[in-house]
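Structural description and commentary
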Amino acid sequence: MSRKATPPRASLADRIRAWRNRMIADPAFRRRARNWPVLRQITNRRANELFALTAGFVNSQVLLACVELDLFTALDGEPKDTAALARHMRLTGDAADRLLRAAEGIGLVTHTNDGRWTLDDHGAVLAHDAGISAMIRHHAAVYRDLADPVALLRDPPAETETSRFWSYVGGTVGAEDGAAYSELMRVSQTMVIQEVLDAYPMDKHGRLLDIGGGSGAFVTAAGERWPDLTLSLFDLPAVAETARQRLADSAIADRLTIHGGSFFDDPLPRDADCYALIRVLYDHDDPAALRILSAIHQAMDPGDTLIIGEPMAGDTPGARQVAAYFTLYLLAMRSGRCRAPDDIFALLRAAGFRHMRQHATRMPVVAGLVSARK
Ligand SMILES: C[S@@+](CC[C@H](N)C(=O)[O-])C[C@H]1O[C@@H](n2cnc3c(N)ncnc32)[C@H](O)[C@@H]1O
């Protein structure tokens, strides 16, 4: 006689969640809730959030149009009327008016008292942050890969526009490809660098090696903050050459050594006491990530430290958004995982590391940080 398997008993939290979902799904409950001021506030907030989710693509396209048409720079410092902005953006008055109203709706621009247009909070940031604008432009290609998300999930192609852009995903990086993605990384790295260096002061270290260091923005910033720190950068030969040319006359040039090579095939330099992986590990699936960490572990001496700074999944609102974004972005890129600190700890442990720690960053939407010692 076959026995029926008994389903596992739901926890109290799961039963409360199920009851809550039944209530929220009931239109009559939502109608009644709107009659009570506190519940009305909550229902309205939730409705607004759901609308923003549903309209996400339209909002991104408004943002892209504003960046492409140079709207934020045009408004930086001086309000302008619709006709002047239409001329600047080379749009008809009606088209400019539509774009400005849409941009107003999502907090990019607003009106002055005399009826002209000026920057709202998000627009004011965008007018001065080349990194976010570069990412918004780059999204045009990523969103083409994501245009049919079900097809991408069910049957992802071997190659996408995003994987071609990050040419190291396919294994070969020529000088031009390396320069293209290194430039995007360089301009988008400022906030990541600040988060990492604020959360992990390097005054206790003598030599920093930045692995996958790209164009050298991280070693430059660390070297400027700690003038006694000796610096090295390791990246693929074509990228290392670009960094060498960029930094040849920089203020840190006499303290910096640049190594070209692959962390999959070549031994890593061994002369650092702090090793950094900034926005590198999440590019790689678990087996490749483990190979990178094992190679670093092998290069390190006992007591040396590895820091890993990159967008990480977690429980804060910023980290949850990061996880949603990078989970799909990395699927489009055909490589990598957005990991929580615990996932990274598991990989570090498997590579032989001990003494692992999470360091709080002030803006988890920009980067999380963990460290480990050999
Ligand atoms: C997403 S970028 C991050 C660059 C920089 N750390 C930053 O945060 O801007 C990843 C970096 O890893 C480098 N990289 C990829 N595969 C590599 C390999 N096999 N060996 C060494 N570096 C590699 C890339 O060239 C690139 O500079």
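For clarity, every value in this text was computed on a predicted model and none was experimentally measured.

1. A few points about unusual backbone geometry
Residues apart from glycine generally show negative phi values, whereas peptide bonds are mostly found in trans. Despite not being glycine, Arg279 shows a phi value in the positive range, around 55°. Although it is not a glycine, His355 sits at a positive phi angle of roughly 50°. One can find His355 in strand β8 (residues 354-359).

2. As for the site of the ligand
The immediate surroundings of the ligand are formed by 19 residues, with Tyr168, Met185, Gly212, Gly214 and Arg279 found nearest. Here the residues of the shell around the ligand sort into ten nonpolar, six polar and three charged.

3. Structural notes on the packing of helix α4 (residues 56-68) against helix α7 (residues 93-105)
As a packed pair, α4 and α7 sit with axes 10 Å apart at the nearest point and diverge in direction by 120°. Considering the angle they form, α4 stands oblique to α7. Remark: the crossing between α4 and α7 carries left-handed chirality. Contact residues: α4 offers Val62, Ala65 and Cys66, while α7 offers Leu99, Ala102 and Ala103. The residue inventory of the contact of α4 with α7, partitioned by class, reads six nonpolar, no polar and no charged.

4. A closer look at the sheet that holds strand β7 (residues 305-310)
What the seven strands build is an open sheet, ordered β5-β4-β3-β6-β7-β9-β8; its pairing is mixed. Looking at which strands have only one partner, the edges of the open sheet turn out to be β5 (256-260) and β8. Going across the sheet, the axis of each strand differs from the next one's by a mean of 20°, ignoring polarity. Here strand β4 (residues 230-235) runs beside β5; their pairing, made up of five bridges, is parallel. Each bridged residue has a counterpart across the sheet, and for Ser232 the counterpart in β5 is Thr257.

5. Some remarks on helix α15 (residues 237-247)
Spacing of three or four residues puts side chains on the same side of an α-helix, whose turn is 3.6 residues. Looking at α15, one finds that the buried residues are Val239, Ala240, Thr242, Ala243 and Leu247. The buried residues of α15 occupy an angular sector of 160° when the element is viewed end-on, so they sit on one face.

6. Considering the pairing of strand β3 (residues 207-211)
With four of its five residues buried, β3 lies for the most part within the structure. Across five bridges, the pairing between β3 and β4 is parallel. By the bridge assignment for β4, Arg207 is matched with Thr230. Regarding the hand of the β-α-β motif, the stretch spanning β3, helix α14 (residues 217-225) and β4 is right-handed. Looking at chain direction, β3 and strand β6 (residues 274-278) are connected through four bridges and run parallel. Residue pairing across strands places Ile211 opposite Leu277, the latter belonging to β6.

7. Comments concerning the environment of His88
Mapped onto the fold, His88 is located in helix α6 (residues 82-89). Under the C-beta neighbour-count criterion, His88 is labelled partly exposed, with 16 such atoms within 10 Å. Spatially, the C-alpha atoms of His88 and Leu69 are 8.0 Å apart, while their sequence positions differ by 19 residues.

8. Some details on the environment of Pro269
Residue placement: Pro269 occurs in the loop between β5 and β6. Spatially, the C-alpha atom of Pro269 lies 9.0 Å from that of Met300, the residues being 31 residues apart in sequence. Here Pro269 is in contact with Leu209, Ser232, Phe234, His259 and Ala299, once residues within four sequence places are set aside.

The rules behind each value
Residues numbered from 1 in each chain as written. Predicted model: local features only at pLDDT ≥ 70, side-chain atom pairs only at ≥ 80, totals over all residues. Helix = DSSP H or I, 4+ residues; strand = E, 2+ residues; numbered from the N terminus. Near = placed C-beta within 6 Å. Nonpolar A, V, L, I, M, F, W, Y, C, P; charged D, E, K, R; others polar. Axes fitted to C-alpha atoms, helices over the stretch in contact; angles between N-to-C directions. Parallel < 35°, antiparallel > 145°, perpendicular 65-115°, else oblique. Left-handed = near helix turned anticlockwise from the far one by under 90°. Contact = placed C-beta atoms within 7 Å. Pairing = 2+ DSSP bridges. Buried ≥ 20, exposed ≤ 12 C-beta atoms within 10 Å, placed from the backbone. Arc of directions from axis to C-beta. Right-handed = clockwise from strand over helix to strand, strands pointing away.

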